[in-house]
Amino acid sequence: MTKSVIGKTDVTTTPLGLGTNAVGGYNLFPNLKDEDGIKLVQAGIDHGIRLLDTAYVYGLGHSEELVGQAIKNYDRHELTIATKGAHDFSSGEEIINNDPKFITQQVDQSLQRLGTDYIDIYYLHFPDHDTPKAEAVGALQRLREQGKIRAIGISNFSLAQIKEANADGYVDVVEDEFSLLHQDHLTDGMVEYLHENQISFVPYFPLASGLLTGKYDHLAEFPADDIRSQIADFKEPRFTKALTAVEQIRPIADAHEATVAQTVLAWYIQNPFISVVIPGAKRPDQVAANAKALNLELSSEEYQTIEQALYLV
Ligand SMILES: NC(=O)c1ccc[n+]([C@@H]2O[C@H](COP(=O)([O-])OP(=O)(O)OC[C@H]3O[C@@H](n4cnc5c(N)ncnc54)[C@H](OP(=O)(O)O)[C@@H]3O)[C@@H](O)[C@H]2O)c1
């Protein structure tokens, strides 16, 4: 399997990772059980996935704690742990804070929760209004020099903000929403800038929160405390358009004796713009199934058919 290199660093990992916002992320999804979250992470590792994507805000530290527990009996050096910080609840309200002092404390706390002495990728989870972006990234560069983190990431930054953050060339990886349903970054200048500056790209919501697995129909309903009840893709008219487009992928999946989810994930793995795709999951069997995408090779015709089927939705 070809490994993905993160930015200009020596961090290498599998092109398929695991998103863990449903591991201890009780503030995002209802009815999560800790033991299921741990099993889910272990299923990912057992099926060959090496990058685990977590964040402080997933369960306010609980996702990081569960990921830390899950990896205890594995070889730490085989794994790539990515986490994020910027959410500050110290005033009693949620604010985004990129202040160097705050971010430095956040990294120390993430290290403790994860039970590790280094983090492979640390992302500023969101940009704040006030901190000069290069100053926030400069704080991460100092943490890199101290050996606490290995690669510097930023998430949910606009292209202009990415350029500002990368003024000193320290940014290695950008994580942002991108999926077959949201392909804007292929045409908005992001691909070119990241390529020219050797910055890796990690898309989030690659399965459009499950919509691109082909398992939904019009009867789908989500409780108010499930994040999907607020996502535009699950609202009309986009929902019907997306369901129709996903059906065009099914014959390609059938030809490979694969699922729609595996076929969609194979598209991301083959996309040269994407370094690591990080689908989330709720159950170990979903992770095990998704891992099979690492062995699914699409022809260039199939690749283009998938891209075009979902592009205009
Ligand atoms: N940087 C950021 O701001 C940011 C924001 C959001 C997410 N993220 C990261 O990106 C990751 C991915 O996002 P996401 O998990 O929200 O969305 P996603 O990857 O688009 O969708 C994941 C959901 O799809 C369903 N699913 C997964 N595999 C499946 C399979 N084989 N068969 C059927 N259903 C399957 C599961 O939900 P059900 O079983 O409930 O349908 C799962 O929770 C997150 O875990 C997180 O690490 C980052």
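As a convention, each chain's residues are numbered from 1 in the sequence order in which they are written. In keeping with the predicted nature of the model, local features appear solely for residues at pLDDT of at least 70, side-chain atom pairs appear and are counted solely at 80 or more, and the whole-chain, interface and lining totals rest on all residues. Side-chain figures throughout are based on the complete set of non-hydrogen atoms in the structure, without hydrogens or water.

- The name given to the chain in an unreviewed UniProt entry is Aldo keto reductase, and the organism recorded there is Limosilactobacillus gastricus DSM 16045.

1. Considering the site of the ligand
Consideration 1: We call a residue near a molecule or strand whenever a single non-hydrogen atom of that residue lies within 4 Å of it. Around the ligand, a shell composed of 28 residues is seen, among which D53, S209, K215, R228 and K282 lie nearest.
Consideration 2: Any pair of N or O atoms that falls within 3.5 Å is considered a polar contact. Within protein, one atom must be able to donate a hydrogen and the other to accept it, and sequence-neighbouring residues count only if both atoms are side-chain atoms. D53 places a side-chain nitrogen or oxygen 2.7 Å from an oxygen atom of the ligand.
Consideration 3: Note that an oxygen atom of the ligand is positioned 2.9 Å from one of the backbone N or O atoms of G280.
Consideration 4: The protein chains hide 91% of the 900 Å² of surface that the ligand would expose on its own.
Consideration 5: In terms of residue class, the shell around the ligand is made up of 10 nonpolar, 12 polar and six charged. Values of accessible area rely on a 1.4 Å probe in the Shrake-Rupley scheme; residue burial ignores everything except the protein chains shown. All amino acids are sorted into three groups, where Ala, Val, Leu, Ile, Met, Phe, Trp, Tyr, Cys and Pro are nonpolar, Asp, Glu, Lys and Arg are charged, and the leftover types, Gly among them, are polar.

2. Comments concerning the nonpolar core
Consideration 1: Residues V41, L140, I154, L194, L211, L212 and Y268 are the most contacted members of the largest nonpolar core, which totals 78 residues.
Consideration 2: Sorting elements by how many residues they give to this core places helix α9 (residues 260-270) first, with six residues.
Consideration 3: Buried Ala, Val, Leu, Ile, Met, Phe, Trp, Tyr and Cys residues that are joined via side-chain atoms within 4.5 Å together make up what is termed a nonpolar core. Buried residues are those whose accessible area, probed at 1.4 Å on protein chains only, stays under 20% of the maximum for their type, while exposed residues exceed 50% and partly exposed ones sit between those limits. Membership of the second largest hydrophobic core comes to 12 residues, among which are V11, L51, V276 and I278. Each helix is a run of DSSP H or I of at least 4 residues and each strand a run of E of at least 2, with the numbering of both proceeding from the N terminus.

3. Description of the pairing of strand β8 (residues 119-124)
Consideration 1: Across the six residues that make up β8, a large majority, six, are buried.
Consideration 2: When strand β5 (residues 80-85) meets β8, the two strands line up parallel, connected through four bridges. Residue pairing in the sheet places K84 in a bridge with Y123 of β8.
Consideration 3: A clockwise path from the first strand over the helix to the second, with the strands pointing away from the viewer, defines a right-handed crossover. A crossover links β8 with its parallel partner strand β9 (residues 149-155), the connecting element being helix α4 (residues 133-145), and its sense is right-handed. Two strands qualify as a pair provided DSSP detects at least 2 bridges between them.

4. Looking at the UniProt feature "domain: NADP-dependent oxidoreductase" (unreviewed entry) in the chain
Consideration 1: Those residues carrying the UniProt feature "domain: NADP-dependent oxidoreductase" (unreviewed entry) are residues 15-309 in this numbering.
Consideration 2: For residues 15-309, the helix share is 37%, the strand share is 13%, and the end-to-end C-alpha distance is 23 Å. UniProt positions are given in the numbering used here, feature names are shortened, and annotations may be inferred rather than shown by experiment.

5. Some points on the packing of helix α1 (residues 34-46) against helix α2 (residues 62-70)
Consideration 1: Put simply, α1 and α2 touch, their axes get as near as 9 Å, and they point 55° apart. Our classification of the angle between α1 and α2 gives oblique. Crossing angle aside, the handedness with which α1 passes α2 is right-handed. Across the interface between the two elements, D34, I38, V41 and Q42 of α1 pack against H62, L66, V67, Q69 and A70 of α2.
Consideration 2: Of the residues assigned to the contact of α1 with α2, the class counts are five nonpolar, three polar and one charged. Only C-alpha atoms enter the line fits that serve as axes; for helices the fit covers just the stretch in contact. Angles between N-to-C directions range over 0 to 180 degrees. For classification purposes, an angle smaller than 35 degrees is called roughly parallel, one larger than 145 roughly antiparallel, one from 65 to 115 roughly perpendicular, and anything else oblique. Rotating anticlockwise by less than a right angle from the far helix to the near helix defines a left-handed crossing, while the corresponding clockwise rotation defines a right-handed one. The contact definition used throughout considers only heavy atoms, calling two residues in contact when any of these lie within 4.5 Å.

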